[in-house]
Amino acid sequence: MNGKGRKWRKCAAWMLILALIAALTGCQRLVEPEKQSISVYATFWPVYALTDAVMADVPDATLKLLVQPQDGCLRSYQLSDWDAALLTADADAVILGGRGLESFENLLFAWGETGPAVSAVLYNLELYNQDDRADGEAESHLRGANPHLYLSLNGAKQMLESISASMLSLDPQYAEIYAKNAQSAGERLDSLLEDNRALLEDCESGSVVLMNEALIYVARDYGLKVVEWIDRESGDNLVDNELSTCLERLAATDARVILIENQAPQPLVEALEAAGYAVARLDVLSDRRADEGFSDYLVIQAANAHAVKVAFEEAMD
């Protein structure tokens, strides 16, 4: 078989695999085939950044970020009237995480044929704690499947494949570009993961305390040992009895390193440091803007690994 034939078969195999994945990603329907261009909205920045990689250099395709930077937990964000108006007026398709990442997922799917095509890319991907079940309707969303898979470089690679499959279903005329982009971006993620693991080799199996649910994926990527987990929302402070209880729980562990989101209140960080802990403030990708894309995602993930490294060095001083 000549090189051209092998290349065509490889591409066809990729398209078949992605088509099978698309059937499992919650993709609602195709964009109308007569459209000359496609306008795609990603709900939150992490989904936007990964979709940016998949949609690179696709003709007549525009990617936009729906939700502006957030200090709080993405899971708590409520769809505004302005958001809904943007989607109904301008979106041909919406890419969302799903599985609890967006509180408004059901609303988007409920629009049906009157709204944009909708694809939820986290379905059929393995999430941390996905088999845990809340005990009742009032249970905190901190229980159950953890949808922040994008903070894992391994998880982000899976999401790339799911997004590519979704775009193949939504916009099949450029299926080969979507598949090639996902493969290229996945290779960059693999390379960064290798670099970060080499950087954190001396930290592997080191004890850490998590103070943000999303950071479990960082700990898992780098083999860190989570010995305590303080449930709190992104950006929330702990004062008085809450802070005292937190410090008591920390004192009962052997950990000297705490992983927390970068927008954590400064008084809380100072209280933890005053108690003798090294605090790694990590970017949980909630407060980024639409002018930042996949390349910025890679820079952020490298910076997060460096922050963990620095925290362990401080803890050993």
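The structure this text deals with has already been given above.
This text gives an overview of the structure that appears in the document.

### Thoughts on the overall build of the protein
In step 1: The secondary structure content of the protein amounts to 10 helices and eight strands.
In step 2: Counting every position in the protein, which comprises 317 residues, the buried fraction comes to 51%.
In step 3: Intrachain contacts of the protein at a sequence separation of at least 6 include 71% that bridge at least 24 residues.
In step 4: Carbon and sulfur atoms make up 49% of the accessible area of the protein, which totals about 14600 Å².

### Overview of the side chain of Ser207
In step 1: Note that Ser207 resides in strand E5 (residues 207-210).
In step 2: Judged by its relative accessible area of 12%, Ser207 is buried.
In step 3: A distance of 3.2 Å separates a polar atom in the side chain of Ser207 from a polar atom in the side chain of Asp254.

### Section: the pairing of strand E3 (residues 93-96)
In step 1: The side-chain alternation of E3 yields two buried faces, one formed by Ala93 and Ile95 and the other by Val94 and Leu96.
In step 2: Pairing of E3 with strand E4 (residues 117-120) involves four bridges; the strand directions are parallel. Across the sheet, the residue bridging to Ile95 is Ser119, located in E4.
In step 3: Chirality of the crossover, the property in question, places the unit of E3, helix H4 (residues 105-110) and E4 among those that are right-handed.

### Considering the nonpolar core
Within soluble globular proteins, side chains that are nonpolar tend to cluster in buried spots.
In step 1: Formed by 85 residues in total, the largest nonpolar core has its most connected members in Leu50, Leu108, Leu151, Met167, Leu224, Leu259 and Tyr297.
In step 2: Broken down by element, this core gets its largest block of residues, eight residues, from helix H10 (residues 294-316).
In step 3: Residues contacting Leu108, with those up to four places away along its chain left out, are Leu79, Leu87, Val94, Leu96 and Val118.
In step 4: The next biggest cluster of nonpolar side chains, apart from the first, holds 17 residues, and it includes Ala255, Ile258, Val269 and Val279.

### Structural notes on helix H3 (residues 81-90)
In step 1: By the burial criterion, the buried members of H3 are Asp83, Ala84 and Leu87. Each buried residue of H3 sits inside an arc of 95 degrees when the element is viewed along its axis, so together they form one side. Residues Asp81, Trp82 and Ala89 are exposed on H3 and point more than 90 degrees away from its buried face.
In step 2: Buried residues along H3 sit in contact with strand E1 (38-42), E3 and H4.

### Some thoughts on the sheet that holds E5
In step 1: Here four strands make up an open sheet; going across it, the order is E6-E5-E7-E8 and the pairing parallel. At either margin of the open sheet sits one strand with a lone partner, and together these are strand E6 (225-229) and strand E8 (278-282). Taken over all neighbouring pairs, the strand axes of this sheet differ in orientation by 30 degrees on average, direction set aside.

### Quick word on the packing of aromatic side chains
In step 1: On inspection of all chains with the given rule, the structure shows five aromatic pairs.
In step 2: With 6.1 Å between their ring centres and 70 degrees between their planes, Phe44 and Phe104 make a pair best called edge-to-face. Here Phe104 lies in the loop between E3 and H4 and Phe44 lies in the loop between E1 and helix H2 (45-54), a separation of 60 residues in the sequence. The same class applies to Phe44 and to Phe104, which are both buried.
In step 3: With a centroid separation of 5.8 Å and an interplanar angle of 25 degrees, the aromatic rings of Tyr128 and Trp229 are classed as stacked. In this pair, Tyr128 sits in the loop between E4 and helix H5 (153-170) while Trp229 sits in strand E6, placing the two residues 101 residues apart along the sequence.
In step 4: Judged by its relative accessible area of 24%, Tyr128 falls in the partly exposed class.
In step 5: Through a chain of ring-to-ring contacts, the aromatic side chains of Phe44, Tyr77 and Phe104 assemble into a single cluster.
In step 6: Residue placement shows Arg256 over the ring face of Tyr277; its charged tip is 4.2 Å from the ring centre.

Reading the values: the criteria
Residues numbered from 1 in each chain as written. Predicted model: local features only at pLDDT ≥ 70, side-chain atom pairs only at ≥ 80, totals over all residues. Heavy atoms only, no water. Helix = DSSP H or I, 4+ residues; strand = E, 2+ residues; numbered from the N terminus. Buried < 20%, exposed > 50% of the residue type's maximum accessible area, 1.4 Å probe, protein only. Contact = heavy atoms within 4.5 Å. Areas by Shrake-Rupley, 256 points an atom, 1.4 Å probe, with all protein chains shown as cover. Polar contact = N/O pair within 3.5 Å; in protein donor to acceptor, adjacent residues only side chain to side chain. Pairing = 2+ DSSP bridges. Right-handed = clockwise from strand over helix to strand, strands pointing away. Core = buried A, V, L, I, M, F, W, Y, C linked by side-chain atoms within 4.5 Å. Arc of directions from axis to C-beta. Axes fitted to C-alpha atoms, helices over the stretch in contact; angles between N-to-C directions. Phe/Tyr/Trp six-rings, centres within 6.5 Å; stacked < 30°, edge-to-face > 60°. Lys NZ or Arg CZ within 6 Å of the ring centre and 35° of its normal.

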